[in-house]
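# Analysis of the macromolecular model
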Amino acid sequence: MNNTTQIKKNYHFIKLQKLVIVSILIGFLSAFLGVILKNATEYYEEIFFHQTIVNPIFFVVFPVFGLSIIFFLREYVFKKKENKGIKEIFESTNSNSKNLPSYKISSHFINGLLTVVFGGSTGIEVSTVVASATIGSVAQRKQNVFRQYKTELICAGVAAGITALFSSPIAGILFSLEVISKKVTRAFVLTNLIAVSIAFGLLYLLDEKPLFAVNSTTWHLRAIPYFILLGIIAGIHSVYLTRCVLFFKEQFSKIKVPYFKIIIGSLILSISLFVFPQLYGEGYHAIKTIFINPNEMVLSLSLALTFIGILLLKPIVASATLASGGDGGVFAPSLFIGAFLGLLLALLLNTYLNADVIPINFMIIGMAAVLSASIHAPFTAIFLVCGLTNDYTLFLPILVVCLISKYTAKMIYPFTVYSYSPSLIK
């Protein structure tokens, strides 16, 4: 009996060792992929965007060229296998037989990069999430001992990828929990903690900086009613974003000739980018611009109309990008919309109600609020935005506003782009 007990202990110890080692590998590889994709996208997007400013004809050339390359790669290199985004992860975690094939690493990496660099109005977040999830999926297939930890190892890859993009290990774990796993096991805690620790360690060694350099020093209790208003408006706008994505995907799916999709999508993109260059790519360059002294900004009619145009068009151009073959999701569009929405609301309150609110606070809170409502993951949004800005001053108002925006959105429309399925509303 003692020998049997000892053998079982040894087996569990060896299995634990292997789980730790594979979690370290998943964390390193996923973070490395995320860092390379983030830096490559930022570098080339800046170069290409500069070309459009110098010569606006590229607003027409780049979208059609980028979407055409992606179509060519999907058709002839990846053998007509479509990228379905995060829904692919759900299909894998909900099935014992379905797995994320290894080509998803290269296809999402390449297509995500090409989409944003050539002006597609989305981001690389979903591309990174699926590619890093695939790293976890491939790892769990290497040995039979890992088969029972399929979801946990996929989540470890996702958590490490999110950590690499947003410099927030907590956001990585919470996204894996709130969106992918939806349950906590001891294996989940172990694998995800190890993966994000390795990812964050890699960021430290590479001296990766937060995406946005902002300095929020305080907030005032008198602003709470206005924060609540921001949460409600953010929830409403997130539903507009979700419905746009679903509508465009449904309508474009009826177009049987692929190049018609590319032409229509490119036309929508080109016109929008020509009118509002801020919509180019993931839009982080535009957010950085308005983060420069927003508290000194004065609202004018032309500025208000520009912001309103951007807020109305961003969901449309993001949806057109995705529906016409681009790779991406709603992460970057949500952050972009939230920043502009928060700033516009703050300027309106200060101009017409003498509210004396702090615009930069509304920008930061708006980013978290729209993301929370778009993906129904408030705690992910909180730590992700705090990690992006490397500032936790606004933690409490962000928490309140994220919960308000999420439940406002759920009351209006219960689905996200991840959870929606036509069968659910039949």
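Every value quoted in this text rests on a predicted model; they were computed, and no experiment measured them.

To continue, consider the state of the cysteines. Scanning the entire structure with this criterion turns up zero disulfides. With no disulfide of its own, Cys 402 lies closest to Cys 386 among cysteine sulfurs, the gap being 8.7 Å.

Before going further, it helps to examine the side chain of Ser 92. In this fold, Ser 92 is placed in helix α3 (residues 86-93). Non-local contacts of Ser 92, meaning those with residues more than four positions away in its chain, are made with Lys 98, Asn 99, Leu 100, Ser 137, Lys 150 and Ile 154.

Taking 1.5 Å of rise per residue, the 17 residues of helix α14 (residues 359-375) would be expected to cover 24 Å, and the 25 Å separating its terminal C-alpha atoms lies within 8% of that figure. Just downstream of α14 lies His 376, where phi reads positive at about 55°.

Within the secondary structure layout, Phe 415 lies in the segment after α16 (395-412). For Phe 415, a relative accessible area of 15% translates into the label buried.

Moving on to the packing of aromatic side chains. Following the criterion strictly, the structure yields 23 aromatic pairs and no others. With a centroid separation of 5.0 Å and an interplanar angle of 85°, the aromatic rings of Tyr 43 and Tyr 44 are classed as edge-to-face. The ring of Phe 336 is capped by Lys 314, whose NZ or CZ atom sits 4.6 Å from the centre of that ring.

The next subject is the nonpolar core. Residues Phe 175 and Tyr 418 are the most contacted members of the largest nonpolar core, which totals 108 residues. The dominant element in this core, judged by the number of residues it contributes, is helix α13 (residues 331-352), at 14 residues. Counting the residues that make up this core, at least three belong to each of domain 1 (3-206) and domain 2 (221-412). The residues touching Phe 175, leaving out its near neighbours within four places in the chain, are Ile 86, Val 129, Val 158, Ile 162, Ile 180, Phe 331, Ile 375 and Thr 380. Val 22, Ala 139, Ala 160 and Ala 187 belong to the second largest nonpolar core, which has 17 residues in total.

Relative to the assigned elements, Lys 314 resides in helix α12 (residues 301-323). Buried and unpaired, Lys 314 has Glu 45 as its nearest opposite-charge partner, separated by 8.1 Å. At a separation of 2.7 Å, a polar atom in the side chain of Lys 314 contacts the side chain of Ser 121. Setting aside anything within four residues of it in sequence, one finds Lys 314 in contact with Ser 121, Leu 279, Gly 281, Glu 282, Pro 333, Phe 336 and Ile 337.

A surface patch of nonpolar side chains, amounting to about 670 Å² of accessible area, comprises Leu 221, Ile 224, Ile 228, Ile 232, Ile 236, Met 411 and Ile 412. For the nonpolar patch, the secondary-structure elements that each account for two or more residues are α9 (224-253) and α16. Among the secondary structure elements, Ile 228 is positioned in helix α9.

Cut-offs applied
- Residues numbered from 1 in each chain as written.
- Predicted model: local features only at pLDDT ≥ 70, side-chain atom pairs only at ≥ 80, totals over all residues.
- Heavy atoms only, no water.
- Disulfide = S-S within 2.5 Å.
- Helix = DSSP H or I, 4+ residues; strand = E, 2+ residues; numbered from the N terminus.
- Contact = heavy atoms within 4.5 Å.
- Expected span 1.5 Å × (residues − 1).
- Buried < 20%, exposed > 50% of the residue type's maximum accessible area, 1.4 Å probe, protein only.
- Phe/Tyr/Trp six-rings, centres within 6.5 Å; stacked < 30°, edge-to-face > 60°.
- Lys NZ or Arg CZ within 6 Å of the ring centre and 35° of its normal.
- Core = buried A, V, L, I, M, F, W, Y, C linked by side-chain atoms within 4.5 Å.
- Domains from an automatic or database assignment.
- Lys, Arg positive; Asp, Glu negative; His and termini not counted.
- Salt bridge = Lys/Arg side-chain N within 4 Å of Asp/Glu carboxyl O.
- Polar contact = N/O pair within 3.5 Å; in protein donor to acceptor, adjacent residues only side chain to side chain.
- Patch = residues over 30% accessible without salt bridge, like charges linked within 9 Å, V, L, I, M, F, W, Y side chains within 5 Å.
- Areas by Shrake-Rupley, 256 points an atom, 1.4 Å probe, with all protein chains shown as cover.

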